[in-house]
Each structure stands twice: as C-alpha cells, then as structure tokens.
Amino acid sequence: MSGKVIAIANQKGGVGKTTTTMNLGYALAEQGKKVLLIDFDPQSNLTMCMGIDRPEELDTTIYHLMMAVIEEKELQSKEQFIISNGKLDFIPCSIELSAVEVNLVNAMSRELTLKSIIQEVKDDYDYIIIDCMPSLGMLTINALVACNSVLITATPQYLSAKGLELLLKTILKVKRRINPSIEIDGILITMFTERTILSKEIVNLIDEAYGKQIKVFENKIPASVKVGESNLKNKSIIEYQPGHKVAVAYTKFVEEYLR
Ligand code: ATP
Ligand code: MG
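What you see is a predicted model; the values in this text were computed from it and never measured.

Brief notes about the packing of helix 5 (residues 97–104) against helix 7 (residues 138–146)
Closest axis-to-axis distance for the helix 5/helix 7 pair is 9 Å, and the angle between their directions is 85 degrees. Comparing the axis directions of helix 5 and helix 7 gives the class roughly perpendicular. Note on element contacts: helix 7 touches helix 5 through Met138, Leu139 and Asn142, opposite Leu97, Val100, Glu101 and Leu104.

Given below as structure tokens:
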C-alpha cells in the first residue's frame, strides 16, 4: 500500500484542525484502515490529546526526525518514533519543533524535509494525517509539499475573512512550484451553531468568493463542550461518546469525505 497523505490546515488558530485530525483518524481506523497521525505543531496539542502529558520528555519526536534529515544523518528507527495508541499510530511533537523553522532556512531541499520522512513510512499505512500548526511558515509549507490533499477546517466566522484567501493562494503556489498533484479536499465547517449563519449562506459565500471549485462539505461539525471533555479523556469524540451529535457529525463527514 502507499498511503494517502492528508494535511489538515488553516493558519488561523483554534478552528478545529487537531480535533478533526483525531476524529478523521479514528473513524478511518475504525473502518479497518491503517492510520498514522503526525503532530506537526510545536504546541503539541495532538500529542497531548493522545495521552502524552510531557512531550518535551520524549526522546524521539517529529523534531528529531526533521533534524536528522537536515543534518543528513540516518533516520531513527520506526519503533523509536512511532507510538501506538490503540487503533491509531502517531508521531509525536514537542515545543522544540519551533526551532526547526530556523534550521530549515539554510537547509538543502528545505521544503522537502517532511516529505522525505513520510516516504519512509508511507507504505505501512492507508492514511497519513498531518495536523498543521496555525501559520503559513516553512513547517506548513513542508506539510503542503508532503501531502496528496489538504483538508481545510474553518469556523463560520472565519469564512468571510481574508485569511482563507491567503491559505488558498499559498496552496496554489505550492501546487505550481513543487507539488503539482496536490488537491484541495474542501472546507469542513467546525464549531457550527445554528445561530451564527445558515448553511446556505456559507456555501453562497464561498461560491461567491472562489467560484464552485472549492467544496464545502455538507456535514458540518456542531459546537459542543463535549469536545473539550473528550480531549481531556485522550479520546476522539467518536470513541468517547459515539452517540453524541458531534461524534455523529464527524462520522457522517468521514462518509462524505470518502465518497
Ligand atoms: P490550533 O490552531 O491552536 O492548533 P486547532 O485548529 O487545532 O487549533 P482545535 O485544537 O481542534 O483547533 O480546537 C480549538 C479548541 O476548540 C479546543 O479547545 C477544542 O477542544 C475546541 N473545539 C474543537 N472543536 C470543537 C467543537 N466542535 N465544539 C466546541 N469546541 C470545539
Ligand atoms: Mg491544533
């Protein structure tokens, strides 16, 4: 097998990237797929959600792998850098990853560093999901270069903002220059409340701004405090409370995603 690599991105913070990474990953794993999650955000939220309270104490994280590639050293073994957590495998991250951005500036093939790491594990998985950090810096560029497709998460308030335009521009730049086959899966609306804006209006808004070329997933993820609760339990909400409206929404979204 050669896994599909999905980057979950938006330079805006707190729009559901990490939560979506966990739930998409869990739903795919539940279907019997082999799934690897990569925490590619120095904040290490995904790593902590996976039950590691002190990421900075880990010997091998995505930071160490990135440094090994930059310094042209041999990559650590998979047993060292892949952690299994029940149904899911993941590569953790720690705050040190923030130092990589500086080291990348002078590195050869700096945009390809993450891709070369993923190359080593690609054949072991059906899906590899990268949880990006909230920025459009060199780390996120690495994720865009390494992926087959980008899934954008956004809250309703954020849709009309200029930020989405900048994100799409960046993806298109990467497509033109380095990763011609990159696709945009679409936009998943998270933390949706019926009060904020009607679904129809959202779709109209996107269509007006970007034409029909960007898909907005029909299934939206409602806002609920249960999400924070499930994070504290180190579980995706689909695992923590399968019947909850957010779990149902994520499950339906994954069906739509795979269609
Ligand atoms: P960052 O850019 O900081 O990495 P993010 O885009 O990864 O953020 P999350 O960490 O998934 O976003 O979510 C941000 C916060 O909102 C978290 O505290 C999370 O528990 C909460 N949250 C995520 N999804 C929902 C939801 N559907 N309803 C309510 N709260 C949510
Ligand atoms: Mg996050």
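So much for the structure itself; the text now carries on.
Things to note about the site of ligand 1
Close to ligand 1 lie 19 residues, the nearest being Lys17, Thr18, Thr19, Pro222 and Ser224. Asp41 places a side-chain nitrogen or oxygen 3.4 Å from an oxygen atom of ligand 1. Pro222 has a polar backbone atom sitting 2.9 Å from a nitrogen atom of ligand 1. Protein contact buries 80% of the 620 Å² of open area that ligand 1 shows by itself. Of all the secondary-structure elements, those providing two or more residues to the shell around ligand 1 are helix 1 (17–30) and helix 10 (226–232).

Some words on the packing of aromatic side chains
Enumeration over the complete set of coordinates arrives at 3 aromatic pairs. Here Phe217 and Phe253 contribute two aromatic rings whose centre-to-centre distance is 5.0 Å and whose plane-to-plane angle is 90 degrees, an arrangement assigned as edge-to-face. Linking Phe217 in the loop between helix 9 (199–210) and helix 10 with Phe253 in helix 12 (residues 245–258), this pair joins segments that are 36 residues apart in sequence. Judged by relative accessible area, Phe253 falls into the buried class, the value being 0%. Their ring planes at 55 degrees and their centres at 5.8 Å tell us that Phe253 and Tyr257 sit as a pair that is tilted. With Phe253 and Tyr257 both in helix 12 and 4 residues apart, the pair spans about one turn of that helix. Accessibility expressed as a relative area gives 10% for Tyr257, which makes it buried.

Examining the pairing of strand 4 (residues 88–91)
Here strand 4 shows two buried faces, one formed by Leu88 and Phe90 and the other by Asp89 and Ile91. Looking at chain direction, strand 2 (residues 35–40) and strand 4 are connected through 3 bridges and run parallel. Pairing of Leu36 across the sheet is with Asp89, part of strand 4. The pairing of strand 3 (residues 83–85) with strand 4 spans 3 bridges and is classified as antiparallel. Residue pairing in the sheet places Asn85 in a bridge with Leu88 of strand 4. Between the end of strand 3 and the start of strand 4, which pair antiparallel, lie 2 residues, with Gly86 showing a positive phi angle near 65 degrees.

Calculation rules
- Residues numbered from 1 in each chain as written.
- Chains lettered and ligands numbered in written order.
- Predicted model: local features only at pLDDT ≥ 70, side-chain atom pairs only at ≥ 80, totals over all residues.
- Heavy atoms only, no water.
- Axes fitted to C-alpha atoms, helices over the stretch in contact; angles between N-to-C directions.
- Helix = DSSP H or I, 4+ residues; strand = E, 2+ residues; numbered from the N terminus.
- Parallel < 35°, antiparallel > 145°, perpendicular 65-115°, else oblique.
- Contact = heavy atoms within 4.5 Å.
- Near = heavy atom within 4 Å.
- Polar contact = N/O pair within 3.5 Å; in protein donor to acceptor, adjacent residues only side chain to side chain.
- Areas by Shrake-Rupley, 256 points an atom, 1.4 Å probe, with all protein chains shown as cover.
- Phe/Tyr/Trp six-rings, centres within 6.5 Å; stacked < 30°, edge-to-face > 60°.
- Buried < 20%, exposed > 50% of the residue type's maximum accessible area, 1.4 Å probe, protein only.
- Pairing = 2+ DSSP bridges.

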